[in-house]
Amino acid sequence: MSIKISFKKNISKENSTNTVLFTDEKFNLNPIKKYISNSEFSYISDLLKTIDRDKKLLVFELSSKKKIVLVSIKKNIKNSEIENLGAELYNLINYGKNKNSEYLINSNSILSSQKNLISFFLHGLKLKSYEFKKYVSKKDKRIITISIIGNKNIPSLKEQLKFKALEEGTFYTRDLVSEPGNVLHPDEYAKRIKSLSKDGLKVNIYDKKRLKKLGMNALLGVGQGSVRGSYLVTIEWNGAKNKTKPLAFIGKGVCFDTGGYSLKPAKFMEDMTYDMAGSAVVVGLMKNLALRKAKINAVGVVGLVENMVSGNAQRPGDIVKSYSGKTIEILNTDAEGRLVLADAITFTEKKFKPKFMIDLATLTGAIIVSLGSEYAGLFSNDNRLSKQLIEVGEKVEEKLWRMPLHKNYDKLINSKNADMQNINYVGGAGSTTAAQFLQRFILNKTPWAHLDIAGMAFSKYGGALNSGGATGYGVRLLNQLIQDYYE
């Protein structure tokens, strides 16, 4: 199904098209009486006497061809709540797989002084409408036309472009995560990132030969069992007029994770196509920043590998020397994401000297045990950055819960045979020891945050702003962080 959105100034009181009107939280009809006919006003008034008004969206079927939808806007409503209302409207539109239809959204009916209400409402609707149907033969050819009518509360062209960029970045992330492993392997993924040069991004691809020369053996060890290449890709956006330090975003891009010789169970292994979701967030974010011409300098760094089983695959017990010079004993080949990130973090800090580093990864199943699918785990060496991330997470409903880091956890990953081991064999604190491992590869005390998004990147049952599958979690979160604190 495709949705076409347009803006029109003319308002006709008499029309035969589905109409969306905004009311206060008590569904008071008097302010919107001028937008509907007398008979419609009487009919809806009578029904309202018997309807449960706890809902935020009420639908009145006037005929087989026309509905009037009332959307309740409470005082001091949050932008995230407005987005959820837009998503609810999409659910209504999509209910029963109706044929082509048209909806008029009356912007003049808005009484709230909330800024950009229409923009956030449409943003929620569009985010909810996303589906990945690329490989489904029978296409849904329905066209839903949504016209915003009125001359009040209309978003400026600049505002429309800003939301469009954010949606394109989020959808690009969802597309990447949704692709099957036989299509989006590291070779193809690197090519797709390179194609973003057309948006004004500077893309540099480090292949296996260059990585070996640099000494990125932690990353290369993960990918050595695959017939595909292993890559580190940097994506730069220089939108600030001065040469300020860039903001750095780092993503784990394990395009498929079998677990290597520490093989995963067969059940749900097909879901391991989304083990590259952290990198997809970074790529989608960078695309968004370029499209909206963000006034900051930023760099995205992603490590792209495939963790496979073969005669050349990494073995439990192997010892590798990382880009930092520190050595790692591989006790479990399924604890591979931290190896990819270890080299990427040190490289990013050394090459770009960023203002801060934020890495994202579907790193541990332990974080899902801790937080389920409601919060991502936040680990950080910087209180200010943590506070900022938590605040913007609440704002866009991409929530974070700060988890502990402490030097006492270090003993759990110390190795007798190398500088460290890649898992905690004692048991417990799986997410914290993984984050503690990553922290060892920050060499110059750069402010850093690690977001473990294993429970948030993919949803089998759907959420407020997604219909199941890849969520794009993280793009809106980090975009808001940049907007609120760094632009």
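Structure first, text after, so check above.
The paragraphs below set out a description of the structure included in this document. Numbers given for residues are sequential positions, taken from 1 along each chain in its written order. pLDDT decides what is reported in this predicted model: residues at 70 or higher carry local features, side-chain atom pairs at 80 or more are listed and counted, and totals for whole chains, interfaces and linings draw on all residues regardless. In computing side-chain properties, one takes all heavy atoms of the structure into account and sets aside hydrogens as well as water.

1. Section: the side chain of His450
Comment: elements are numbered from the N terminus, with helices defined as DSSP H or I runs of at least four residues and strands as E runs of at least two. Summarising the element assignment, His450 is placed in strand β17 (residues 448-452). Apart from the residues lying within four places of it in its own chain, the contact partners of His450 are Asp359, Leu363, Gly377, Leu378, Phe379, Ala435 and Leu438. Contact between two residues is taken to exist if any of their heavy atoms lie within 4.5 Å; hydrogens are not considered.

2. Thoughts on the sheet that holds strand β16 (residues 420-421)
Two strands pair under a simple rule: DSSP has to find at least two bridges between them. An order of β11-β12-β16 is seen for the three strands of this open sheet, with the pairing classed as mixed. Only two strands of the sheet have a single partner each, and these edge strands are β11 (319-321) and β16. As paired elements, strand β12 (residues 327-329) and β16 share two bridges and run parallel to each other. Counterpart to Ile328 in the pairing with β16 is Met420.

3. Quick look at the sheet that holds strand β1 (residues 2-8)
The strands that make up a sheet pair up through hydrogen bonds in the backbone, lying either parallel or antiparallel. Within the open sheet, the six strands sit side by side as β1-β6-β5-β2-β4-β3. Their pairing is mixed. Unpaired on one side and paired on the other, β1 and β3 (57-61) mark the two borders of the sheet. In this sheet, neighbouring strand axes are inclined to one another by 20° on average, regardless of whether the strands run parallel or antiparallel. Note that β1 and strand β6 (residues 143-149) share seven bridges and pair parallel. What sits directly across from Ser2, in β6, is Ile143. Packing against the sheet, helix α1 (residues 38-48) makes contact with β3 and β4 (67-72), and its axis sits at approximately 125° to β3. Simply put, an axis is a line fit to the C-alpha atoms, just over the touching stretch for a helix, and the angle between two N-to-C directions goes from 0 to 180 degrees.

4. Description of the nonpolar core
As used here, the term nonpolar core means buried Ala, Val, Leu, Ile, Met, Phe, Trp, Tyr and Cys residues forming a set that is joined through side-chain atoms within 4.5 Å. The cut-offs for exposure are 20% and 50% of the maximum accessible area for each residue type, with area from a 1.4 Å probe on protein chains only; residues under the lower value are buried, those over the upper are exposed, and the others partly exposed. In terms of nonpolar packing, the biggest core is built from 57 residues, with Tyr189, Phe249, Ile358, Leu389 and Leu478 touching the most fellow members. In this structure, Ile358 is in contact with Ala248, Phe249, Ile250, Leu385, Leu389, Ala449, Leu451, Leu478 and Leu481, ignoring residues within four places of it in sequence. Counting 37 residues, the second largest nonpolar core, distinct from the first, contains Ala218, Leu220, Val305 and Val320.

5. Description of the pairing of β3
It is a general feature of regular strands that their side chains alternate between the two faces of the sheet. Sheet topology note: the β3/β4 ladder contains five bridges and is antiparallel. For Leu57, the partnering residue across the bridge sits in β4 and is Val71. Here β3 folds back onto β4 in antiparallel fashion, the turn holding five residues.

6. Remarks on a nonpolar patch on the surface
Residues with no salt bridge and a relative accessible area higher than 30% make up the patches, which join like charges within 9 Å and nonpolar side chains (Val, Leu, Ile, Met, Phe, Trp, Tyr) within 5 Å. Each accessible area is a Shrake-Rupley result for a 1.4 Å probe, and residues are judged covered by the shown protein chains and nothing else. We count a salt bridge whenever a side-chain nitrogen from Lys or Arg sits within 4 Å of a carboxyl oxygen from Asp or Glu. Together, Tyr261, Leu263 and Val309 make up a nonpolar patch on the protein surface, roughly 290 Å² of accessible area in all. Turning to its location among the elements, Leu263 is positioned in the loop between β9 (247-257) and α8 (277-291). Assessed through its relative accessible area of 54%, Leu263 is described here as exposed.

7. A short note on the packing of α8 against helix α13 (residues 475-485)
Remark: α8 packs on α13, axes separated minimally by 9 Å, with the N-to-C direction vectors making an angle of 45°. Compared by their axis directions, α8 and α13 come out oblique. Taken as a pair, α8 and α13 cross one another with a handedness that is right-handed. Each of Val281, Gly284, Leu285, Asn288 and Leu289 in α8 lies in contact with α13, whose residues at this interface are Val475, Leu478, Asn479 and Ile482. Split into classes, the residues belonging to the contact of α8 with α13 amount to six nonpolar, three polar and no charged. Convention used here: angles under 35 degrees read as roughly parallel, angles over 145 as roughly antiparallel, angles from 65 to 115 as roughly perpendicular, and any remaining angle as oblique. Each crossing gets its hand from how the near helix is turned against the far one by less than a right angle, where anticlockwise is left-handed and clockwise is right-handed. Residue polarity is assigned by list, with Asp, Glu, Lys and Arg as charged and Ala, Val, Leu, Ile, Met, Phe, Trp, Tyr, Cys and Pro as nonpolar; anything else, Gly included, falls into the polar class.

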